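Chain by chain, the residues run as shown.
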Amino acid sequence: MEEIKTAAQLYRYMKNQLKASGIEDFDLESRILLSYVLKEEPFFVYMKPEKPVSEEDVQKAMALTEKRKEGVPSRYLTRKAYFMDFEFYVDENVLIPRQDTEVLVQKALDFLKDNPKAKVLDIGTGSGCIAVSIALLNPACTVDATDISKEALAVARKNAVLNGAEKRVRFIESDLFSGLSDKYDMIVSNPPYIKPSEFLTLQKEVRCHEPVLALVADEEGLAFYRRIAKEAKSFLNDGGFLLFETGYDQARSVYRIMEEEGFTFLEITKDYNGIERVVSGRMNE
Ligand code: GLN
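The structure displayed is predicted, hence computed values, not measured ones.

A.B. asks: Would you mind showing me how to read the sheet that holds strand β7 (residues 236-245) here?
C.D. replies: In a beta sheet, neighbouring strands pair by backbone hydrogen bonds and run either parallel or antiparallel. Strands sit in the order β5-β4-β3-β6-β7-β9-β8 across an open sheet of seven strands; the sheet is mixed. Edge positions in the sheet fall to β5 (169-173) and β8 (264-270), since each has one partner strand and no second. The average angle at which neighbouring strand axes cross in this sheet is 15 degrees, direction not considered. Pairing between strand β6 (residues 184-189) and β7: five bridges, direction parallel.

A.B. asks: Looking at this structure, I do not really get the side chain of Ser280. What am I missing?
C.D. replies: With respect to the helices, strands and loops of the structure, Ser280 is situated in strand β9 (residues 276-282). The exposure class assigned to Ser280 is buried, which follows from its relative accessible area of 1%. When neighbours within four sequence positions are excluded, Ser280 is seen to be in contact with Lys107, Phe111, Leu242, Leu243, Met258, Phe265, Leu266 and Glu267.

A.B. asks: It is not clear to me how helix α2 (residues 26-38) should be interpreted in this structure. Could you clarify?
C.D. replies: Side chains of residues three or four places apart in an α-helix project in the same direction, reflecting 3.6 residues per turn. If you check α2, its first and last C-alpha atoms are 18 Å apart, about what 13 residues at 1.5 Å a residue would give, namely 18 Å. Within α2 the residues assigned to the buried category are Glu29, Ser30, Arg31, Ile32, Leu33, Leu34, Ser35, Val37 and Leu38. Contacts made by the buried residues of α2 are with α1 (7-20), α3 (44-47), α4 (55-69) and α5 (74-78). The positive-phi residue at the C-terminal boundary of α2 is Lys39, with phi of around 55 degrees.

A.B. asks: I would appreciate a short explanation of the pattern of salt bridges in the present structure.
C.D. replies: Oppositely charged side chains may form a pair once their charged atoms are brought near each other. One pass over the full model with this rule turns up 24 salt bridges. Asp144 serves as the salt-bridge partner of Arg170, at 2.7 Å between the closest nitrogen and oxygen. One end of the pair, Arg170, is in strand β5; the other, Asp144, is in strand β4 (residues 142-147), with 26 residues separating them in the sequence. Glu261 is paired through a salt bridge with Lys233; the nearest N and O atoms lie 2.7 Å apart. In this pair, Glu261 sits in the loop between α11 (251-260) and β8 while Lys233 sits in the loop between α10 (223-232) and β7, placing the two residues 28 residues apart along the sequence. Since its relative accessible area comes to 30%, Lys233 is described here as partly exposed. In the salt-bridge network here, residues are joined through shared partners; they are Lys119, Asp144, Arg170 and Asp182.

Analysis parameters
Residues numbered from 1 in each chain as written. Predicted model: local features only at pLDDT ≥ 70, side-chain atom pairs only at ≥ 80, totals over all residues. Heavy atoms only, no water. Pairing = 2+ DSSP bridges. Helix = DSSP H or I, 4+ residues; strand = E, 2+ residues; numbered from the N terminus. Axes fitted to C-alpha atoms, helices over the stretch in contact; angles between N-to-C directions. Buried < 20%, exposed > 50% of the residue type's maximum accessible area, 1.4 Å probe, protein only. Contact = heavy atoms within 4.5 Å. Expected span 1.5 Å × (residues − 1). Salt bridge = Lys/Arg side-chain N within 4 Å of Asp/Glu carboxyl O.

Now the structure itself:
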C-alpha cells in the first residue's frame with residue numbers, strides 16, 4: 001500500500017475502501033469521516049488536498065473506515081447529524097434525523113404562523129430534532145417533548161443545550177401521553193412506523209444500529225398512530241393541530257384513522273421525493 005502522507009491520499013484510501021464494500025454514498029461518507037478526524041469542513045479536502053496528515057490521524061481514519069464497512073452509520077461514528085440546518089448530537093440511543101422529517105417541521109411552522117405563541121407537544125422526540133427545530137424557528141412558542149426512553153431524552157436535552165433552546169423545550173419521560181396533564185395547540189409526532197414484517201428488509205445500517213424501539217410498530221406499523229390520534233383529543237385545545245410523519249405507504253391509512261377520530265381539515269403533504277409523508281388535521285374546527 002502506498003504511504004499515506006496527505007489528506008488527498010487518505011481520502012482516496014477511504015473512498016476506495018467504502019466503495020469496495022458497497023457503500024452507496026462512499027464519496028460523501030469518506031469526506032464526512034475524514035473531516036471529522038482532521039477537524040475540518042466536509043469540503044476541505046478539495047481545498048487543501050496536500051494538507052499533511054499525522055500517523056495518528058491515519059490510524060483513526062482507518063479505524064472509522066473499518067467500522068463504517070461493518071455497517072455503523074457515519075453519523076453515529078462522528079456523533080453528528082444535520083437537520084433543518086442545525087447540528088444535532090446523535091448516538092445509538094436515537095434515530096438519525098432524516099431529511100424527510102423536515103417536511104413535518106415545515107408544515108408545523110406553516111400552521112404556527114397564525115398562532116406563534118402556541119404550546120406544542122412532540123411525542124417520541126428521540127434526538128429532539130423536531131422539538132428543538134420548532135422551538136428555534138418559532139421563537140414565541142413553547143415546546144414539550146416526550147420519550148419513553150431515558151437515554152433518548154438525555155440526547156434530546158443535550159441537543160436543546162447545544163442549540164441554545166434549553167429554556168424553551170421541556171423534556172418529559174412519558175409513554176405517549178401517560179406523564180402529561182397540560183393541553184396543547186399542536187401535537188406533532190414521528191412515531192415508530194415500520195411493519196414488523198418489513199424489519200428484516202431494512203438496510204443493515206438501520207436494522208443493526210438504530211434503536212428498534214424507535215422503528216417498529218405493531219398493527220402493520222399503525223399502532224402508534226391509532227393510540228396517539230385517539231388520546232390526542234383529550235390533550236388538544238379546540239382547533240388544535242395534530243401532525244404525523246408516516247411511512248411511504250401509510251398516509252392514506254393514517255388519514256382514515258384521523259378521520260375516524262373526528263379530526264377535520266385533513267391534509268396529506270408530500271416529501272422532497274414526492275412521497276406522501278405528512279398527515280395533518282384539526283380538532284373541533
Ligand atoms: N422524533 C425523532 C425523529 O424524527 C424520533 C423519531 C422516532 O424515534 N421514531 O427523528
